[in-house]
Amino acid sequence: MTWTFNSPGYVTDFTDPGKWHEEMAQTAGGIVFQLAAEVLGRNPQTQAELEALRPQLGYVDPTEEAVPEGAETVATAQWFGFPQSVERRDWSDITQAQLVDDPQGFYRAVEDLGQEDIGNARIYDRLGHLYELPVRHRQDEYLEWRVSEGQREITFVSEGYDYFSALFDADEDAVVTLYREFLKTDAITADDLRAPQGLFFRSTRGEHTIARPGGFNPRNRFNIFGGICHLSHRANSLGAEVNLAGVSALARVASDGELVAADNAERIICCSSGGDPNRNSDPGIARDAYTQVLDGYRYTLADPVGLYIADVAFTQLRLPDETQPVPRAWWHEERGAGRLNTDDSRILRVTLRIPDGETYQGRPMTLSDLTIGGSPVRFPGQLAELVKVHLYVTRWARDGGGVGPRVRCIGTCCAGQGSAFLLPTSSGCGQGLTDQFPGLIGPAEPGNMMSVAPMGGAPGARDARR
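Cut-off values and rules
Residues numbered from 1 in each chain as written. Predicted model: local features only at pLDDT ≥ 70, side-chain atom pairs only at ≥ 80, totals over all residues. Heavy atoms only, no water. Disulfide = S-S within 2.5 Å. Helix = DSSP H or I, 4+ residues; strand = E, 2+ residues; numbered from the N terminus. Buried < 20%, exposed > 50% of the residue type's maximum accessible area, 1.4 Å probe, protein only. Pairing = 2+ DSSP bridges. Axes fitted to C-alpha atoms, helices over the stretch in contact; angles between N-to-C directions. Parallel < 35°, antiparallel > 145°, perpendicular 65-115°, else oblique. Left-handed = near helix turned anticlockwise from the far one by under 90°. Contact = heavy atoms within 4.5 Å. Expected span 1.5 Å × (residues − 1). Phe/Tyr/Trp six-rings, centres within 6.5 Å; stacked < 30°, edge-to-face > 60°. Salt bridge = Lys/Arg side-chain N within 4 Å of Asp/Glu carboxyl O.

Student: Before we move on, could you go through the state of the cysteines and cite the residues and values that matter?
Tutor: This model, assessed by the stated rule, comprises three disulfides. With a sulfur-sulfur separation of 2.0 Å, Cys270 is cross-linked through a disulfide to Cys413. Disulfide Cys270-Cys413: the torsion about the S-S bond is -95°, which places it as left-handed. Taken together, the residues span a long stretch of sequence, with Cys270 in helix 10 (residues 265–272) and Cys413 in strand 24 (residues 412–416) at a distance of 143 residues. When its relative accessible area of 2% is taken as the criterion, Cys270 is described as buried. A sulfur-sulfur distance of 2.0 Å marks the disulfide that ties Cys414 to Cys429. The chirality of the disulfide connecting Cys414 with Cys429 is left-handed, given an S-S dihedral of about -90°. With Cys414 in strand 24 and Cys429 in the loop between strand 25 (423–425) and strand 26 (433–435), this pair connects stretches of sequence that are 15 residues apart. Assessed through its relative accessible area of 15%, Cys429 is described here as buried. Bonded cysteines in the protein chain are paired 1-4, 2-3, 5-6 when counted in the order they occur along the chain.

Student: Describe the sheet that holds strand 14 (residues 317–318), and please don't skip the residues or the numbers.
Tutor: The three strands lie next to each other as 14-19-20, forming an open sheet whose pairing is antiparallel. Lying at the two open borders of the sheet, with one neighbouring strand each, are strand 14 and strand 20 (375–376). Taken together, the two bridges between strand 19 (residues 371–372) and strand 20 define a ladder with antiparallel strand orientation. Considered in strand 20, the bridge of Thr371 is made with Pro376.

Student: Would you mind going over the packing of helix 9 (residues 238–247) against helix 11 (residues 281–294) in detail, with residue names and values included?
Tutor: Two quantities define a packed helix pair, namely the angle between the helix axes and the distance between the axes. At a minimum axis separation of 8 Å, helix 9 and helix 11 run at an interaxial angle of 40°. Classed by the angle they form, the pair helix 9 and helix 11 counts as oblique. Regarding helix 9 and helix 11, the two cross each other, and that crossing is right-handed. Note on element contacts: helix 11 touches helix 9 through Asp282, Ile285, Ala286 and Ala289, opposite Glu241, Leu244 and Ala245.

Student: Could you give an account of helix 7 (residues 172–183), naming the residues involved and the relevant values?
Tutor: Taking 1.5 Å of rise per residue, the 12 residues of helix 7 would be expected to cover 16 Å, and the 17 Å separating its terminal C-alpha atoms lies within 8% of that figure. Listed as buried for helix 7 are Ala174, Val175, Val176, Leu178, Tyr179, Phe182 and Leu183. On its buried side, helix 7 packs onto helix 6 (161–170), strand 10 (215–216), helix 8 (222–225), strand 15 (331–337) and strand 16 (346–353). One or two positions beyond helix 7, positive phi appears at Lys184, with a value near 55°.

Student: How would you sum up the packing of aromatic side chains? Please name residues and give values.
Tutor: With the rule as written, the count across this model stands at 16 aromatic pairs. Each ring, one from Trp145 and one from Phe156, has its centre 6.3 Å from the other, and the planes form 50°; the classification is tilted. With a gap of 11 residues between them, Trp145 in strand 5 (residues 144–147) and Phe156 in strand 6 (residues 153–157) connect regions that are remote in the sequence. The same class applies to Trp145 and to Phe156, which are both buried.

Student: Describe the pairing of strand 24, with residues and values.
Tutor: The element strand 24 is extensively covered by neighbouring structure, given that five of its five residues are classed as buried. As judged from the three bridges shared by strand 24 and strand 25, these two strands associate in the antiparallel manner. Each residue of the ladder has a partner; that of Cys414, found in strand 25, is Leu423. Linking two consecutive strands that pair antiparallel, namely strand 24 and strand 25, is a turn of six residues; a positive phi of about 75° is found at Gly418 within it.

Student: Tell me what's going on with the pattern of salt bridges, and back it up with residues and numbers.
Tutor: For the structure on display, the rule yields 27 salt bridges. Between Glu333 and Arg328 there is a salt bridge whose closest N-O contact spans 2.6 Å. With relative accessibility at 27%, the residue Arg328 sits in the partly exposed group. Through salt bridges with shared partners, a single ionic network connects Arg89, Asp112, Glu116 and Arg138.

Student: Outline the sheet that holds strand 22 (residues 392–397), supporting the account with residue identities and numerical values.
Tutor: Reading across from one edge, 1-22-12 is the order of the three strands in this open sheet, with antiparallel pairing throughout. At either margin of the open sheet sits one strand with a lone partner, and together these are strand 1 (72–75) and strand 12 (297–301). Taken over all neighbouring pairs, the strand axes of this sheet differ in orientation by 35° on average, direction set aside. Bridge analysis of strand 12 against strand 22 gives five bridges, and the strand direction is antiparallel. Bridging from a neighbouring strand, Tyr297 pairs with Ala397 of strand 22. Here helix 11 sits on the sheet in contact with strand 12 and strand 22, set at roughly 150° to strand 12.

This is the structure in structure tokens:
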């Protein structure tokens, strides 16, 4: 039997759940189309070609192919919520003051608001009006957070903004209700969340839609300055997760024709050009999906498809005297299904809240009174380092074994001397850059090679390809 998709975390926001199913079914069908196009080496393809390839692909659209009885659902490897991309960059502008509590500038950098997630592009509407719509542009691990005024609670979310866009299209009042609940105010209307003339930006890959005219504005100010309802970084969409897991479903061969192994997550994602190799999340998702293929499985993202807060290192966060962990009861699973644990958590929103009446040194206790490893919590990012994220796949053994169609790598990654920041390219590395995974693609024409100029390591230098 084919599937009907449930909402992430089994939430029940849609009056007509079929509308969310239609969204996910369209996404799943798009991935199969994309995989078939890469195998064929051309697009468009005929329906007959698509149907012929469908049973051979590693990824399965469960709305078209039945998932066999006995298929197992497994969680992927968890990844850390604190952004690895922040740790790979140079924040000398922040560290010039020799701040001993943040010597590398990571904790301050990650709290910044801005538009780096769309690169050097600018946001405008269909009338040509320009907008500055800052978001949490350095929190790119499908986890974002916000501390409350008074610093007595911090909320983590892993819920894609595209889910809210789809819900807004189906039922504006449902989104308004959620916003009012999460932000604890009734002073929000549907018009506050709407982009009347749409929102767009242009990159080297063309024009991209942020919001259609009249649709939900995922970069609205209430989700940034009023509190936190859902993810805001452009790469933190549910669609990005699904697409990444999907495009990793083809066995890849390097330029010498040898199969690319599944033991190096960054090498895999640089080969497939499926996501950002500098994140903890994308390479891990790509590796876990690719491993299914090489191990002879076919798979699909498990229902309900979602990005979930997997676990918290509860015992590492201690009360001010450092003798006892913060009580588990202070952590609240506020949205999603199950409890925080590594096996079955489908939690979308978690809040650490210091209860009313808890005091320290004669005043209300705050998050900065808590300790980690003997040091006080000075930055929200220290708490984010305790949080991990995961997702689930459903898999089953491929009939007849094998790995399915094989395609060549379409990219590799370059880096400057002494830098761990990876720069994806499909055309080779130029002067000042070194190919970190030689042999994935063939030699490039000199005129097409990436030069050192666009690399940098500074804010704004990242390739915003999604």
